[in-house]
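Structural overview
Okay, here's what each chain looks like letter by letter:
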Amino acid sequence: MNYHFGRGWTRWSPYLLLLPGILFYFVIALGPSLATTVYSFTDATGIKGATVNWVGLANYKEFLLMGQASKDNLSALGRTLVFCFFVTTIQFGLGLLVAMIVNQNLKGRNFFRTLYFMPIILGAVIQGLVWSLFLYPLGGPMAKFLALFGARSEFLGGPPFVAFAWVIAIQIWANMGTTMIIFLAGLQTIPSELYEAARIDGANPWQVFSNVTWPLLTPSVNTNLTLNIIGSLQAWQLFLILIGYRNGTQVLGYLIYATGFGQTSGSVTSSFRQGYAASASIILFLLVLVLGMTTNYILQRREARIME
Amino acid sequence: MSKKLYLVLTIVVALSMLLTACGAKATPTSQPPAAEKVTLRVLVHQNPPMVAFMEEFNKKFQEKYPNITVDMAVVNANELSTVTQTRLTANDVDVVDMFGFANGAQPYMKQVDPPNWQQLIDAGLLMDLTGQPFLKNYDASAIQDAGTYNGKVYEINLGRVSYSGIYYNKDLFTANNVKVPTTWTELVTACETFKTAGIPCMTAGGKDGWPIFVGAYGLLGSIYPDQAALVEGLWTGSIKWNDANSLVMWERMQVYARDMMEEGASGIAGDAAPGRFASGAVAMFPGGTWYGPAIDAAQPAFKWGYIPFPGSDNADDNKYLFGKYDQGWVVAAKTPNKDAALLYLTEFSDPANYQAFVDAVGFIPTQPTAKLSTGIGAEVAPYLANFRVGYEQYWIAPKGAGQFANPWATYFKPFGTDDDPKTLADKVQGDLQAGLNAVK
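Rules used throughout
Residues numbered from 1 in each chain as written. Chains lettered and ligands numbered in written order. Predicted model: local features only at pLDDT ≥ 70, side-chain atom pairs only at ≥ 80, totals over all residues. Heavy atoms only, no water. Pairing = 2+ DSSP bridges. Helix = DSSP H or I, 4+ residues; strand = E, 2+ residues; numbered from the N terminus. Contact = heavy atoms within 4.5 Å. Axes fitted to C-alpha atoms, helices over the stretch in contact; angles between N-to-C directions. Buried < 20%, exposed > 50% of the residue type's maximum accessible area, 1.4 Å probe, protein only. Right-handed = clockwise from strand over helix to strand, strands pointing away. Patch = residues over 30% accessible without salt bridge, like charges linked within 9 Å, V, L, I, M, F, W, Y side chains within 5 Å. Areas by Shrake-Rupley, 256 points an atom, 1.4 Å probe, with all protein chains shown as cover. Salt bridge = Lys/Arg side-chain N within 4 Å of Asp/Glu carboxyl O. Phe/Tyr/Trp six-rings, centres within 6.5 Å; stacked < 30°, edge-to-face > 60°. Lys NZ or Arg CZ within 6 Å of the ring centre and 35° of its normal. Core = buried A, V, L, I, M, F, W, Y, C linked by side-chain atoms within 4.5 Å. Domains from an automatic or database assignment. Disulfide = S-S within 2.5 Å. Buried area = accessible area lost by both parts, 1.4 Å probe. Polar contact = N/O pair within 3.5 Å; in protein donor to acceptor, adjacent residues only side chain to side chain. Nonpolar A, V, L, I, M, F, W, Y, C, P; charged D, E, K, R; others polar.

Further remarks concern the sheet that holds strand β2 (residues 68-75) of chain B. Residue and element names in this part refer to chain B. Strand order in the open sheet formed by 5 strands is β2-β1-β3-β12-β6, with mixed pairing between adjacent strands. Two strands bound the open sheet, and with one partner strand each, they are β2 and β6 (156-157). Of the pairings in the sheet, the one linking strand β1 (residues 38-45) to β2 comprises 8 bridges and is parallel in character. Paired with V44 across the two strands is V74, which belongs to β2. Contacting β1, β2, β3 (95-98) and β12 (328-331), helix α2 (residues 48-64) crosses the sheet at an angle of about 170° to β2. Of the strands in this sheet, β1, β2 and β3 are in contact with helix α3 (residues 80-89), which crosses β1 at around 150°.

And the structure:
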């Protein structure tokens with residue numbers, strides 16, 4: 001038998017080296033996930049020392065079936081899917097386009113790569129504040145610009161669908177840098193000989209893209225689509241910072257936060273309901289799981305087809 | 001060789017620890033020990049005049065007690081309950097500024113969750129302050145109504161506020177020859193006059209949402225002056241959000257949101273609104289009494305008045321100010337700095353310090369010896385006999401109620417999507433009824 005790491009105790013060295021990572025994963029990721037699943041069947045408040053009772057499926061029934069609130073929850077779920085669709089498709093398309101542009105041998109391309117990636121570094125709070133100030137309706141830059149045309153900048157505090165659309169736009173602005181970088185890395189792995197061969201064969205730019213670039217970007221496409229879908233389904237920070245808890249704008253991620261930390265009524269005296277919020281988290285997890293696995297299945301089949 | 005080295009090092013470390021321990025015991029006890037250094041962790045919400053006062057108070061407190069360092073964290077009001085919960089749970093805070101020691105579940109309410117302050121007490125996270133000497137400085141009624149649970153005192157309430165009034169710009173009223181309104185019709189006429197003169201009628205912090213609907217609580221109060229009865233009526237079905245009285249309220253709320261609020265109000269943050277009003281550009285500003293000091297701080301020479309929201313056409317219905325017991329101090333039950341925390345509350349409760357506090361924040365005092373000496377105090381003094389606890393302090397929504405089950409002006413355009421009072425009234429009642437049916 002050939003042992004890569006030798007015989008005796010050294011044979012176990014790879015497992016020992018993996019152990020810290022595995023332990024870290026269990027403590028930081030798997031443990032809390034399992035705890036959330038258990039919490040979802042309780043009336044936990046998240047307050048240390050408070051009595052926790054087993055309530056079975058009551059939280060799930062309340063979330064999905066109880067009164068008008070359950071219909072509002074399902075609306076939030078639908079809104080989450082709408083948010084996911086627009087963020088994923090636009091961020092994916094824009095990220096690819098920008099990556100292709102900054103992959104050209106242009107003057108100042110490193111500056112533009114940095115510029116497009118910069119919002120990622122800022123973090124959600126700064127991202128939200130920047131846009132709140134930019135869109136400030138009484139003297140903000142956008143308000144001054146729109147005033148030239150007799151229009152107003154009441155976006156984030158205006159009708160819910162307008163505020164919601166702006167959060168989509170800002171989410172894309174905030175995260176497009178990651179999509180761009182992944183595509184850029186993918187583009188740089190494509191051998192230049194393939195482009196030269198295509199051009200010698202007389203291919204036009206579209207044919208070069210569709211027959212060379214696009215198929216060879218498959219790993220980047222798969223990564224970006226998966227990350228964009230999961231990231232947008234779980235989004236909530238920008239909703240909190242930009243518009244707060246407002247009817248007609250909540251997505252599931254924010255609803256979970258607001259419910260868990262007693263912010264749903266807009267009152268400072270509402271209750272902490274982390275057991276109930278945990279049940280909503282599990283529903284969101286199932287949504288991410290189904291969408292993520294379906295996407296992965298489709299993408300893997302596509303990749304296999306291309307490799308044939 | 002290395003094993004020997006480890007052995008020697010281990011022995012040295014063990015001996016050092018032993019000698020240190022012996023040395024500690026050997027410290028003479030006849031001398032009083034120097035006061036222990038303590039870092040007192042205090043959590044407050046963002047309210048600029050209050051934060052400014054607290055910073056000054058902390059400075060003086062630290063000068064008086066040099067062994068205590070106050071580490072004060074300031075968070076947005078919307079985040080206070082979240083941060084309170086997490087920091088109390090982590091035992092990472094000693095003294096907390098807590099809102100809304102109210103909203104207790106009433107016998108007619110079914111399947112409601114206890115409010116967060118009650119959850120914190122039940123979990124044993126708040127200290128029982130019963131019998132502390134500084135409690136005697138406060139009104140017994142304030143301690144009872146806004147600090148007591150199951151016969152024990154957990155909070156000292158720092159003052160009452162009204163949120164159902166309107167600030168008005170005296171110079172603009174004089175310059176445009178507008179009489180201070182005492183009825184709804186007069187208010188509508190005043191707004192039309194200002195708008196005709198190119199002056200926005202009202203402003204408020206629409207970006208935060210709540211300043212718009214809280215600003216209209218006076219309108220709600222003029223229609224339903226007994227707000228405890230209103231809440232009971234809504235729960236028991238004797239009052240509906242789409243009955244004739246309520247429909248009048250919705251119609252007026254639409255006028256308030258659509259016609260009275262200035263363009264762009266939806267983008268103004270709650271704590272920026274007083275500055276906007278103090279700039280003198282707007283005629284009126286519906287809001288709580290806590291804004292008074294912020295207006296003065298923004299423009300000390302600015303002349304303003306404060307009146308109850310005239311929501312009814314009968315002036316007698318508009319004489320009430322609705323409000324609540326505002327913030328109070330609670331102490332973490334498991335604080336390792338109990339003595340310092342109680343000292344902090346004792347110092348704060350000293351009548352001179354408390355007077356400075358209410359002067360700074362514009363609260364209606366809960367210490368009987370304190371005077372209403374602020375500008376806002378002088379404005380509300382004539383209405384104090386008609387002060388009533390407002391709807392928000394009584395209401396707990398039934399589980400299953402929809403997101404529209406509230407009397408909020410923000411449902412109307414431009415803040416929301418609704419533009420028909422009757423349709424909205426039916427929707428609001430429908431959302432409430434769904435909850436009432438679900439908990440039957």
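On we go.
Residue and element names in this part refer to chain B. Alternating positions in β3 separate into two faces, V95 and D97 on one and V96 and M98 on the other, with burial throughout. Bridge count between β1 and β3: 2 bridges; the pairing is parallel. Across the sheet, L43 pairs through a bridge with V96, a residue of β3. Direction of pairing for β3 relative to β12: antiparallel, over a ladder of 4 bridges. Bridge pairing in β12 links D97 to W329.

The buried count for β1(B) comes to 7 of 8 residues, which makes it a mostly enclosed element. Regarding topology, α2(B) serves as the crossover connection from β1(B) to the parallel β2(B), and that connection is right-handed.

Residues and elements named next belong to chain A. A cluster of nonpolar side chains, namely V82, F85, F86, I90, L94, L97, I101 and L106, defines an oily patch on the protein surface of about 690 Å² accessible area. Topologically, V82 is positioned in helix α3 (residues 67-102). Looking at V82, the relative accessible area reads 37%, which means it is partly exposed.

On to the packing of aromatic side chains, then. Residue and element names in this part refer to chain B. Here the structure, examined in full by the defined rule, presents 62 aromatic pairs over all chains. Taking 6.5 Å as the distance between ring centres and 50° as the angle between the ring planes, the aromatic pair formed by W235 and W395 counts as tilted. Residue W235 is found in helix α10 (residues 227-236), and its partner W395 is found in the loop between β13 (387-389) and α17 (421-438); the two are separated by 160 residues along the sequence. Owing to a relative accessible area of 8%, W235 belongs among the buried residues under this scheme. For the ring pair W408 and Y411, a centre distance of 6.1 Å and an interplane angle of 40° mean the geometry is tilted. Residue classification places W408 among the buried residues on the basis of a relative accessible area of 12%. On the accessibility criterion, Y411 (4% relative accessible area) is buried. The ring centre of Y320 lies 4.1 Å from the NZ or CZ of R388, which sits over that ring.

Residues and elements named next belong to chain B. Scanning all chains against the criterion turns up 12 salt bridges over all chains. Between E186 and K179 there is a salt bridge whose closest N-O contact spans 3.2 Å. You can call E186 partly exposed: its relative accessible area is 28%. Taking relative accessible area as the criterion, K179 reaches 55% and is therefore assigned exposed.

Quick look at the nonpolar core now. Counting 122 residues, the largest nonpolar core has B:W241, B:Y256 and B:M284 as its most contacted members. If one sorts the elements of this core by residue count, helix α11 (residues 244-260) of chain B sits on top with 7 residues. There are two domains that each give this core at least three residues, and those are domain 1 (38-161 + 324-389) and domain 2 (165-319 + 397-438) of chain B. Non-local contacts of B:Y256, meaning those with residues more than four positions away in its chain, are made with B:W184, B:M202, B:P211, B:I212, B:G215, B:A216, B:L219, B:M261, B:P286, B:F309 and B:A409. Within the second largest apolar cluster, 24 residues are counted, among which are A:L156, A:A235, A:L240 and A:Y254.

Residues and elements named next belong to chain B. The strand order β7-β11-β13 describes an open sheet built from 3 strands, whose pairing is mixed. Of all strands in the sheet, those with a lone pairing partner are β7 (160-162) and β13, marking the two edges. The sheet shows a mean angle of 45° between the axes of neighbouring strands, direction not considered. The sheet contact formed by strand β11 (residues 321-325) and β13 spans 3 bridges and is parallel. The partner of F322 across the bridge, within β13, is R388.

Residue and element names in this part refer to chain B. For the structure on display, the rule yields 1 disulfide over all chains. A sulfur-sulfur separation of 1.9 Å characterises the disulfide bridge that pairs C191 with C201. Taking the sign of the S-S torsion, about -50° here, the bridge from C191 to C201 comes out left-handed. Placement of C191 in helix α7 (residues 184-196) and of C201 in the loop between α7 and α8 (210-215) is noted, with a sequence separation of 10 residues between them. C201 matches C191 in its accessibility class, with the two residues each being buried.

Turning our eyes to something else, we now look at the domain arrangement of chain B. Residues and elements named next belong to chain B. For chain B, the domain assignment lists domain 1 (38-161 + 324-389) and domain 2 (165-319 + 397-438). On a C-alpha basis, the centres of domain 1 and domain 2 stand 28 Å from each other. Of the roughly 2000 Å² buried where domain 1 meets domain 2, counting both sides, 61% is carbon and sulfur surface. Summed over the shared surface of domain 1 and domain 2, the result is 0 salt bridges. Our count for the contact surface shared by domain 1 and domain 2 stands at 3 residue pairs in polar contact (both at pLDDT 80 or more). Top element by residues in the side of domain 1 that touches domain 2 is helix α16 (residues 375-380). It accounts for 4 residues. Residue composition of the side of domain 1 that touches domain 2, by class: 12 nonpolar, 6 polar and 4 charged.

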